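Each chain, written out:
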Amino acid sequence: MQKQLTTTCNQLIDKLRKEKILKKEEYLCLIKNKRDCSEYLYKNAREVCDSIYGKDIYIRGLIEFTNYCKNDCIYCGIRKSNKNADRYRLTVEQILDCANQGYNLGFRTFVLQGGEDGFYSDEILEEIVRKIKLKYPDCAITLSIGERSFESYKRLKKAGADRYLLRHETANKKHYEKIHPNTMSYDNRIRCLYDLKELEYQVGAGFMVGSPYQTVENLAEELLFLKKLNPNMCGIGPFVSHKDTPFKNEKSGTVEMTLFMLGLIRLTLPNVLLPATTALGTIDPLGREKGIKAGANVLMPNLSPSNVREKYMLYDNKICIGDEAAQCIKCLKTRISTTGYNIVVDRGDYKSI
Ligand code: SAH
């Protein structure tokens, strides 16, 4: 019985590798029986990734420049209603300092991430992007600052931003509404992703694995959604509860499900840039290494100044909050070398062939 199931699943994995898409029921079958075929999935996912990106692992320096946020996402530790969050903003000079340190450590992509903080107007953001681009023309800039208007995205692109990371969080509208307040809208978030594509940003979407109310059907829907959107990057990580949110008692996502979704994404979107996230490293000490072995090819170490790191607490027990950037990259290089892969000094652009 077991053996037959494994055969069925392996055949589905072969089909996915060949056709790069499955029907919802077929994805669901794999997800439900993941224990019987995960090793086979990872082997295929790695082969596909290696054939496009080789043994290179790209790094993105994450600069968490503000934890002020006007939104109230129910799962998030920096949500507006969390009165225990100690709020901070980095100055333009501090952000440039982070980029400078990062550049010297070999980073060629900077991700500017923050809450939705009205303090950073289009003008201020344009100044930040321009200054980084002027000093480091060989680097890519990714913005990850939430939902904005088409006009705003357009201005920031013109100022020099290359990429934009905006996880859709969940592809199912009803599920979206269960984990966000009714002041937020699924349709607007998706609108943003399509606007960003239209403006020719390299676009990153993504979702949490194991967020409250998520079903296995929802996970199967993620793959169909991603296939349709066809993003250049996809950030996924386990949901991890945060003690000062209404979801404080909810179970976190699992390593197994996150790895399995990474493998399925790699076969569905072979060229996608796929990070092994900090959240994955948080729920398992070897999570990021395992993520790479399951098909990931990107890491996003923290470049934020040490004294603000513990304030950007999206979820409990986030790792690397005590480290200096230099320590972080050294530790990661050692970790990754155990997997047979290498961190490279490269912008790490999407390869479309
Ligand atoms: N304001 C930006 C950045 C949000 S924080 C934006 O809206 O895109 C970056 C990501 O952290 C989010 O997209 C979300 O997927 C993730 N995140 C937030 N809270 C989390 C939690 N409790 N567990 C796991 N991931 C979380």
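Anything mentioned here points back to the structure above.
As a starting point, this report considers the structure included with it. Starting afresh in each chain, residues are numbered from 1 along the sequence in its written order. The predicted origin of the model limits local features to residues at a pLDDT of at least 70 and limits the giving and counting of side-chain atom pairs to 80 or more, whereas totals for whole chains, interfaces and linings rest on all residues. As a rule here, side-chain values come from all non-hydrogen atoms in the structure, and water together with hydrogens is ignored.

Secondary structure elements follow DSSP: runs of H or I of four or more residues count as helices, runs of E of two or more count as strands, with numbering from the N terminus. With respect to the helices and strands, the residue Glu222 is situated in helix α9 (residues 216–229). Think of it in three bands: residues with accessible area under 20% of the maximum for their type are buried, residues over 50% are exposed, and the middle band is partly exposed, with areas taken using a 1.4 Å probe on protein chains only. His is not counted, nor are the chain ends; Lys and Arg add positive charge and Asp and Glu add negative charge. Whenever a carboxyl oxygen of Asp or Glu lies within 4 Å of a side-chain nitrogen of Lys or Arg, that contact is scored as a salt bridge. It turns out Glu222 is buried and unbridged, and the closest side chain with the opposite charge, Arg167, is 10 Å from it. Setting aside residues no more than four positions away along its own chain, Glu222 makes contact with His168, Thr170, Ala171 and Phe207. It only takes one pair of heavy atoms within 4.5 Å for two residues to be counted as in contact.

This brings us to the site of the ligand. Around the ligand, the structure places 18 residues, and the nearest of them are Tyr75, Gly114, Arg167, Glu169 and Val240. In protein, a polar contact means a hydrogen-donor-capable atom and an acceptor-capable atom, both N or O and within 3.5 Å, with residues adjacent in sequence counting only if both atoms are side-chain atoms; elsewhere, any N or O pair within 3.5 Å suffices. Here Glu169 contributes a side-chain N or O atom positioned 2.5 Å from an oxygen atom of the ligand. A distance of 2.7 Å separates a nitrogen atom of the ligand from a polar atom in the backbone of Val240. All accessible-area figures derive from a Shrake-Rupley calculation using a 1.4 Å probe, and residue coverage is judged against the displayed protein chains alone. In isolation the ligand has 560 Å² of accessible area, and contact with the protein removes 92% of it. The classification used treats Ala, Val, Leu, Ile, Met, Phe, Trp, Tyr, Cys and Pro as nonpolar, Asp, Glu, Lys and Arg as charged, and all other residues, Gly among them, as polar. Residue classes in the shell around the ligand are distributed as 10 nonpolar, five polar and three charged. Whether a residue is near a molecule or strand is decided by its heavy atoms; if any one of them lies within 4 Å of it, the residue is near.

What follows deals with the packing of helix α8 (residues 186–198) against α9. The geometry of α8 relative to α9 is characterised by a closest axis approach of 12 Å and an angle of 35° between their N-to-C directions. In this structure, α8 uses Tyr186, Ile190, Leu193, Tyr194 and Lys197 to contact α9, whose residues at the interface are Phe225, Lys228 and Leu229. Considered class by class, the residues forming the contact of α8 with α9 number six nonpolar, no polar and two charged. Each axis is a line fitted through C-alpha atoms, taken for helices only over the stretch in contact, and angles between the N-to-C directions span 0 to 180 degrees.

Take the sheet that holds strand β1 (residues 56–59) next. Reading across the sheet, the three strands line up as β8-β1-β9 and stay open at both edges, with parallel pairing between neighbours. Two strands bound the open sheet, and with one partner strand each, they are β8 (298–299) and β9 (342–344). Sheet topology note: the β1/β9 ladder contains three bridges and is parallel. What sits directly across from Tyr58, in β9, is Val344. On top of the sheet, helix α14 (residues 325–337) reaches β1, β8 and β9; it is set at about 135° to β9, its chief contact. The rule for pairing is simple: two strands pair if DSSP sees at least two bridges between them.

For Phe, Tyr and Trp, rings pair up if their centres lie within 6.5 Å, where Trp contributes its six-membered ring, and each pair is then called stacked (planes under 30 degrees apart), edge-to-face (over 60) or tilted (otherwise). Counting across every chain of the model gives 11 aromatic pairs. With a centroid separation of 5.0 Å and 80° between ring planes, the pair formed by Phe119 and Tyr120 is classed as edge-to-face. Grouped by ring-pair contacts, the aromatic residues Phe65, Phe119 and Tyr120 constitute a single cluster. Criterion for a charge above a ring: Lys NZ or Arg CZ within 6 Å of the ring centre, and within 35 degrees of the ring normal. The residue whose ring lies beneath Arg89 is Tyr68, and the NZ or CZ to ring-centre distance is 3.9 Å. Directly above the aromatic system of Tyr201 lies the positively charged group of Lys157, at a separation of 5.9 Å from the ring centroid.

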